[in-house]
Amino acid sequence: MAKVLSGWKARRYAIALLQAAVKANELDRVEAEVKALSEMLNRSPQLMKFLAQPLVPFEEKAKRLRQRLEGRVSPVTLNFLLAVVKHKRIEAFDHIVRVFADLMREYRGEVVAEVTTAVPLTDEERAMTLQRLQEITGKKVLLSEKVDPSIVGGMRIIVGDKLLDLSLRGHLERIREHLRQVFIAAPAELAFADPNEGKGGEKNGAP
């Protein structure tokens, strides 16, 4: 089972890989290779089990990996994988690669916008959304599209830790919350006042 490292530990590994790839001028190649390795390990539970086995000496694991990968991947990629195995972090390799992908987007000035709509976006809607988000963020935006009929209409957009809820469902929820706050804030005597009170003039002294 894949494990998750603490944020700073995973980022430390990702930064080391980024620096090594930049130094070797192999950023795109390394990015593609570590992603492919992560997918391969996810499909190969026996290999993952072997690499994670504490009773197997590191030298034996390194020999197996070199036999399979040397000459087929960049030395940067192979050395990184060996370092992860040596430090007993192979079960968190997938997590490290995902953090590395986030770091790569930061390095390139890119952000991912998760856009949820009730129905799939048309090409025109996608282009308009992309253009507007790039104007707002000042960065190259990569769209991650999801369909959720429960939002009824409009769209919900998440960029980083920021949420922009433009859905009809979100609008209705905000109205309900506003009304709830109004009733909470209103004094009881106003909330339950007779709506006819005070109408039709003063009763005292009427003929």
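Scroll up for the structure.
Bringing the packing of helix H3 (residues 45–52) against helix H4 (residues 58–69) into the picture now. Across the interface, H3 lies against H4 with an axial gap of 9 Å and an inter-helix angle of 140°. On the basis of their axis angle, the class for H3 and H4 is oblique. Packed against H3, whose contacting residues are Leu47, Phe50, Leu51 and Ala52, the element H4 presents Glu60, Lys61, Arg64, Leu65 and Arg68 at the interface. Taken together, the residues that form the contact of H3 with H4 break down as five nonpolar, no polar and four charged.

By the secondary structure assignment, lysine 61 is in helix H4. The buried charged residue lysine 61 lacks any salt bridge, with glutamate 60 as its nearest oppositely charged partner at 9.0 Å. Excluding anything up to four places from it in sequence, lysine 61 contacts Phe50, Leu51, Ala52, Gln53, Val56 and Val85.

Right, let's get into the environment of lysine 49. Structurally, lysine 49 can be placed in helix H3. Taking C-alpha positions, lysine 49 is 9.5 Å from isoleucine 90, a pair spaced 41 residues apart along the chain.

What follows concerns the pattern of salt bridges. Taken as a whole, this structure holds 13 salt bridges when the rule is applied. Taking the shortest distance from any N to any O, the salt bridge between glutamate 26 and arginine 29 comes out at 3.6 Å. Of the residues examined, arginine 29 reaches a relative accessible area of 37% and is grouped as partly exposed. For the salt bridge of aspartate 148 with arginine 156, the shortest nitrogen-to-oxygen distance reads 3.9 Å.

In this section: the packing of helix H1 (residues 7–23) against helix H6 (residues 93–108). Relative orientation of the contacting elements H1 and H6 amounts to 55°, with a least axis distance of 8 Å. Here H1 lies oblique to H6, going by the angle between them. Considering only the axes of H1 and H6, their crossing is right-handed. Of the residues in H6, those in contact with Ala10, Arg11, Tyr13, Ala14, Ile15, Leu17, Leu18 and Val22 of H1 are His95, Ile96, Val99, Phe100, Leu103, Met104, Glu106 and Tyr107. Residue composition of the contact of H1 with H6, by class: 13 nonpolar, one polar and two charged.

This brings us to the pairing of strand E3 (residues 155–159). A regular strand places its side chains on the two faces of the sheet in alternate fashion. Strand direction decides the pairing type here: strand E1 (residues 110–117) and E3, joined by five bridges, are antiparallel. Bridging from a neighbouring strand, alanine 113 pairs with valine 159 of E3. The sheet contact formed by E3 and strand E4 (residues 162–165) spans four bridges and is antiparallel. Paired with isoleucine 158 across the bridge in E4 is leucine 163. The antiparallel hairpin formed by E3 and E4 contains two residues in its connecting segment, where glycine 160 sits at a positive phi of about 65°.

Analysis parameters
Residues numbered from 1 in each chain as written. Predicted model: local features only at pLDDT ≥ 70, side-chain atom pairs only at ≥ 80, totals over all residues. Heavy atoms only, no water. Axes fitted to C-alpha atoms, helices over the stretch in contact; angles between N-to-C directions. Helix = DSSP H or I, 4+ residues; strand = E, 2+ residues; numbered from the N terminus. Parallel < 35°, antiparallel > 145°, perpendicular 65-115°, else oblique. Contact = heavy atoms within 4.5 Å. Nonpolar A, V, L, I, M, F, W, Y, C, P; charged D, E, K, R; others polar. Buried < 20%, exposed > 50% of the residue type's maximum accessible area, 1.4 Å probe, protein only. Lys, Arg positive; Asp, Glu negative; His and termini not counted. Salt bridge = Lys/Arg side-chain N within 4 Å of Asp/Glu carboxyl O. Left-handed = near helix turned anticlockwise from the far one by under 90°. Pairing = 2+ DSSP bridges.

In short, shape yes, function no, at least from these values alone.
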